[in-house]
Amino acid sequence: MTMEATRYDNGSISYPGHPRGPDGAEPVETIDLSEYTAEVVTWTTSTATPPGVREPNHLAIVEFDIEGESVRAIVQLTTGDVETGDEVRPVYEEELREPGAGIREPESQDWDGYRFEPI
């Protein structure tokens, strides 16, 4: 599984990607963010989570530096033992939430993705 960001012809990067970038820029390539580390910009812990999401749920805004361009993402963390400025890396998880919880049919969703752990 990849964590795809999009680079546009003006050099900017967006995650998630969009059909058009800033000022109508055209997409020129995708970048797999799961191959990079990121820095924690800020983080929080949620104790009131949606059905099927582990509690507590540690969340962060992280910033990737991709060849001089920055791109931010909201991510789940593997632990609440982080600080602003920590370097984190993505770790693949088969289930980010319990497929049987909630109102959606489990077969209608992808449940895998990435959590980020401190390095």
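Just so we're clear, the structure is a prediction, and the values are computed from it rather than from any experiment.

In this structure, what is going on with the environment of Val 62? I would like to understand it.
Topologically, Val 62 is positioned in strand 5 (residues 57-66). By relative accessible area, which is 0% here, Val 62 ends up buried. Expressed as a C-alpha distance, the spacing of Val 62 and Thr 84, which sit 22 residues apart in the sequence, is 9.4 Å. In this structure Val 62 touches Ala 38, Glu 39, Val 40, Val 41, Val 71, Arg 72, Ala 73, Val 75 and Val 88, once residues within four positions along its chain are discounted.

In this structure, what is going on with the pairing of strand 7 (residues 87-93)? I would like to understand it.
In summary, the side chains of a regular strand alternate between the two faces of the sheet. Pairing of strand 4 (residues 38-46) with strand 7, which is carried by two bridges, proceeds in the antiparallel orientation. Pairing of Glu 39 across the sheet is with Glu 87, part of strand 7.

Could you clarify how one ought to interpret the sheet that holds strand 7 in this entry?
Remark on secondary structure: sheet strands pair via backbone hydrogen bonds, oriented parallel or antiparallel. Spatial strand order, 4-5-6-8-7: five strands in a closed barrel with mixed pairing. Neighbour-to-neighbour, the strand axes of this sheet turn through a mean angle of 45 degrees, independent of strand direction. Looking at chain direction, strand 7 and strand 8 (residues 113-118) are connected through six bridges and run antiparallel. The residue of strand 8 that forms the bridge with Arg 89 is Glu 117.

What counts, and at which threshold
- Every chain begins its residue count from 1, and numbering advances along the sequence as written.
- At least 70 in pLDDT is required for a residue's local features to be given in this predicted model, at least 80 for side-chain atom pairs to be given and counted, and no such filter applies to totals for whole chains, interfaces and linings, which use all residues.
- The basis for the side-chain values is all heavy atoms of the structure; hydrogens and waters are excluded.
- Strands are runs of DSSP state E lasting at least two residues, helices are runs of H or I lasting at least four, and both sets are numbered from the N terminus onward.
- Think of it in three bands: with a 1.4 Å probe and only protein chains considered, a residue is buried below 20% of the maximum accessible area for its type, exposed above 50%, and partly exposed in between.
- Residues count as neighbours in contact if any of their non-hydrogen atoms are within 4.5 Å of one another.
- For two strands to pair, DSSP has to find at least two bridges joining them.
- Fitted lines through C-alpha atoms give the axes, limited to the stretch in contact for helices. The angle between two N-to-C directions lies from 0 to 180 degrees.

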